[in-house]
Amino acid sequence: MVLAALVVATLVAGCGGSGDQPAAGNAGPETGTITFTGTDNAATYAPVIAAFEAKNPGIKVTYTQIPFDQFNATMQQRLSAKDAGIDVYTVDEPRVSQLAAKGFLVDLGELDSRAKSSFGATAYAVNHFRDKLWSLPMWNSTQFLFYNKAALAKAQVAPPTADPAKRWTWEQVEAAGRKAQQAGTKYGLFMEQPEAYYQLQPLAESLGGGSGITGDDALTPAVETDGWKKAMQWYGATYASGLSPRGIGGFQTGPVFSTGNAAFFVGGPWDLKIFGSAKFDWGVAPLPYFAGGKPVTPTGSWSLGINPASKQQGMARKFLEFATLDAAGNLATTKTTTIIPANLEAQKQYLPAMDAYSGAHTAGASAITAYEAASTATSRPVSVGYIQFEEVMGKAFADIRNGSEPNARLAEATRQLTDAWKSIK
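Residues numbered from 1 in each chain as written. Predicted model: local features only at pLDDT ≥ 70, side-chain atom pairs only at ≥ 80, totals over all residues. Heavy atoms only, no water.

Caption draft 1: Focus on the overall build of the chain. A count of helical and extended segments in the chain gives 18 helices and 17 strands. Here the C-alpha radius of gyration of the chain, 22 Å, is about what a compact globule of 425 residues would show, namely 22 Å. Each principal axis of the C-alpha atoms in the chain carries an extent, and together these give about 65 × 50 × 30 Å. Put simply, the chain has 425 residues, and 58% of those count as buried. (Helix = DSSP H or I, 4+ residues; strand = E, 2+ residues; numbered from the N terminus. Rg over C-alpha atoms; globule rule 2.2 N^0.38 Å. Buried < 20%, exposed > 50% of the residue type's maximum accessible area, 1.4 Å probe, protein only.)

Structure below.
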């Protein structure tokens, strides 16, 4: 998932004053201490907590970190037990529907109109389930094609441009990557999250394969379309041919690019600073697409939601609004990270800084980000079965990467999803 990178490496409306109130009987005291639970380290949220407390002197916020790989299971257990020790928590956006269906989120319908004007259409929509708003987006994301200028120059390949209208195709990346290998670069292409649906969804979507989920109830597998088959055949072939390496797991790939051993790397905005210490020349370009297909980029990140078991929902809602709907508050959530704020006004203030993250290397990053958010961003599917979908597809991607025949493995994934979703239907 998108912010695992930060874990491994690391709205114009004002807060409150809107008259919006939490569910009757759960507002709780107007002052005191609330708990905020997420996956990132405490330093990530220290600026927004400090800013909120300065604006709301009667309220203190205590942050609790749960490691990323334990977060979802731990939260499911605690929310199922109606643990009132959680007031506000980070919500992985594709899981909004299942969390809402299980009664683990407070209905935020009173904030809907403000949310619609404060966030982009995709970020706004993905936080809804059954026409109700359940969480508010805190961050957003995209993906870039990072390229090794030194490796391409050695291979006599002109590098890609930062202009989204002239973005490269995957076929061009593959051809250039092979030339770079022939010229001495160890690897042609790295995906930062080689088994993650978030990063691989655009491959199938670019070829018209769809999200992989269909049906009126969004509980019908659709991973055997022509687009999915073609995308996974291409993906598997990149490993079988040695263009991409097997045996290097998710988020272990960045250091290989940093040492100059890869021609191309697909990663997120968090990498713009991480690669700043690299000892070779590199740049960023828009995410590629398949020839004859369409450009598609991943989007989404963490949102914030309120625990229905909280006895302090009034204070919890004030913090949630400040960190998302308030532009200054949302910007404060990004002071120690290089993730993108979801609030549109905060984005306007934030994006120009991206071009200077690593000097000339990151030139054009802000324009790419703005264009993708407006034109190519495609969210992960909204389904109460998304959790099972992500798990099944992650294993399928791993098997295809390691040599399984793509069509057969997608058929197996269809069977697994059909079985897994029977209980939900």
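Still more ground to cover, so stick around.
Caption draft 2: Molecular detail of the environment of Ser301. Within the element layout of this structure, Ser301 appears in the loop between β14 (297-298) and β15 (302-306). Distance in space between the C-alpha atoms of Ser301 and Thr37 is 16 Å, their sequence separation being 264 residues.

Caption draft 3: Structural context of the sheet that holds strand β13 (residues 282-286). In spatial order, the strands read β9-β12-β8-β13; together these 4 strands make up an open sheet with mixed pairing. Single-partner strands in this sheet number two, and they are β9 (187-191) and β13. On average, each strand axis in the sheet is inclined to that of its neighbour by 20°, with strand direction left out of account. Inspection of the sheet shows strand β8 (residues 144-148) paired to strand β12 (residues 262-267) by 4 bridges, in the antiparallel sense. If you follow Phe144 over to β12, its bridge partner there is Gly267. In the packing of helix α16 (residues 365-375) onto the sheet, the strands contacted are β8 and β13, and the crossing angle to β13 comes to about 20°. (Pairing = 2+ DSSP bridges. Axes fitted to C-alpha atoms, helices over the stretch in contact; angles between N-to-C directions. Contact = heavy atoms within 4.5 Å.)

Caption draft 4: Seen up close, the packing of aromatic side chains. This model, assessed by the stated rule, comprises 30 aromatic pairs. For the ring pair Phe52 and Phe319, a centre distance of 5.2 Å and an interplane angle of 85° mean the geometry is edge-to-face. Note that Phe52 is positioned in helix α2 (residues 42-55) and Phe319 in helix α13 (residues 313-324), a separation of 267 residues in sequence. Its relative accessible area of 0% is what places Phe52 among the buried residues. (Phe/Tyr/Trp six-rings, centres within 6.5 Å; stacked < 30°, edge-to-face > 60°.)

Caption draft 5: Looking closely at the pattern of salt bridges. Using the criterion set out here, one finds 14 salt bridges in the structure. In this structure, the salt-bridge partner of Asp399 is Arg409, at a minimum N-O distance of 2.7 Å. Here Asp399, found in helix α17 (residues 386-401), pairs with Arg409, found in helix α18 (residues 406-422); they are 10 residues apart in sequence, far enough to count as distant. Using a relative accessible area of 5% as the deciding quantity, one classes Arg409 as buried. When the shortest N-O distance is used, the salt bridge between Lys422 and Asp419 registers 3.5 Å. Remark: Asp419 and Lys422 occur in helix α18; sequence separation between them is 3 residues, near one turn of the helix. (Salt bridge = Lys/Arg side-chain N within 4 Å of Asp/Glu carboxyl O.)

Caption draft 6: Quick look at the sheet that holds strand β6 (residues 136-137). What the 5 strands build is an open sheet, ordered β2-β1-β3-β15-β6; its pairing is mixed. Looking along the sheet, the strands with just one partner apiece sit at the ends: β2 (59-65) and β6. Here β6 pairs with β15 via 2 bridges, running antiparallel. Within β15, the position partnered with Pro137 by the bridge is Ser303.

Caption draft 7: Representation of the side chain of Ser244. Positionally, Ser244 belongs in the loop between α10 (226-240) and α11 (254-258). Apart from residues no more than four positions distant in its own chain, Ser244 is found in contact with Leu189, Thr238 and Tyr239.

Caption draft 8: Up close: helix α3 (residues 68-80). Taking 1.5 Å per residue, 13 residues should reach 18 Å; α3 reaches 19 Å between its end C-alpha atoms and fits that length. The sharpest bend along α3 measures roughly 25° and falls at Thr74. Taken residue by residue, α3 has Phe71, Met75, Gln76 and Leu79 as its buried positions. Of the surrounding elements, those touching the buried residues of α3 are β1 (32-38), β3 (88-92), α4 (96-101), β15 and α17. Looking one or two residues beyond α3, the residue adopting positive phi is Lys82, at roughly 55°. (Expected span 1.5 Å × (residues − 1). Bend = angle between axes of the 7 residues up to and from the residue.)

Caption draft 9: Molecular detail of α16. Taken as a whole, α16 has its buried residues at Ala365, Ser366, Ile368, Thr369 and Glu372. Viewed along the axis of α16, the buried residues span an arc of 160°, placing them on a single side of the element. Contacts made by the buried residues of α16 are with β8, α12 (271-274), β13, β14, β16 (340-341) and β17 (377-378). (Arc of directions from axis to C-beta.)

Caption draft 10: Here's a closer look at the pairing of β13. A large share of β13 lies buried, amounting to 5 of its 5 residues. Pairing geometry for β8 and β13, over 5 bridges, is antiparallel. For Asn148, the partnering residue across the bridge sits in β13 and is Trp282.

Caption draft 11: Quick look at the nonpolar core. One finds Trp170 and Phe264 to be the most contacted residues of the largest nonpolar core, which totals 96 residues. Among the elements that line this core, the one with the most residues is α17, at 7 residues. (Core = buried A, V, L, I, M, F, W, Y, C linked by side-chain atoms within 4.5 Å.)

Caption draft 12: Focus on the packing of α2 against α13. The interhelical angle for the contact between α2 and α13, taken along N-to-C directions, is 120°, at an axis separation of 10 Å. Here α2 lies oblique to α13, going by the angle between them. In this structure, α2 meets α13 at a crossing whose hand is right-handed. Contacts from Val48, Ile49, Ala51, Phe52 and Lys55 of α2 reach α13 at Met315, Lys318, Phe319, Phe322 and Ala323. When the residues that make up the contact of α2 with α13 are grouped by side-chain class, the tally is 8 nonpolar, no polar and 2 charged. (Parallel < 35°, antiparallel > 145°, perpendicular 65-115°, else oblique. Left-handed = near helix turned anticlockwise from the far one by under 90°. Nonpolar A, V, L, I, M, F, W, Y, C, P; charged D, E, K, R; others polar.)

Caption draft 13: Spotlight on unusual backbone geometry. Residue Lys82 is not a glycine yet carries a positive backbone phi of 55°. By the secondary structure assignment, Lys82 is in the loop between α3 and β3. Even without being a glycine, Ala218 presents a positive backbone phi close to 55°. Looking at the element boundaries, Ala218 is found in the loop between β10 (213-214) and β11 (220-221).

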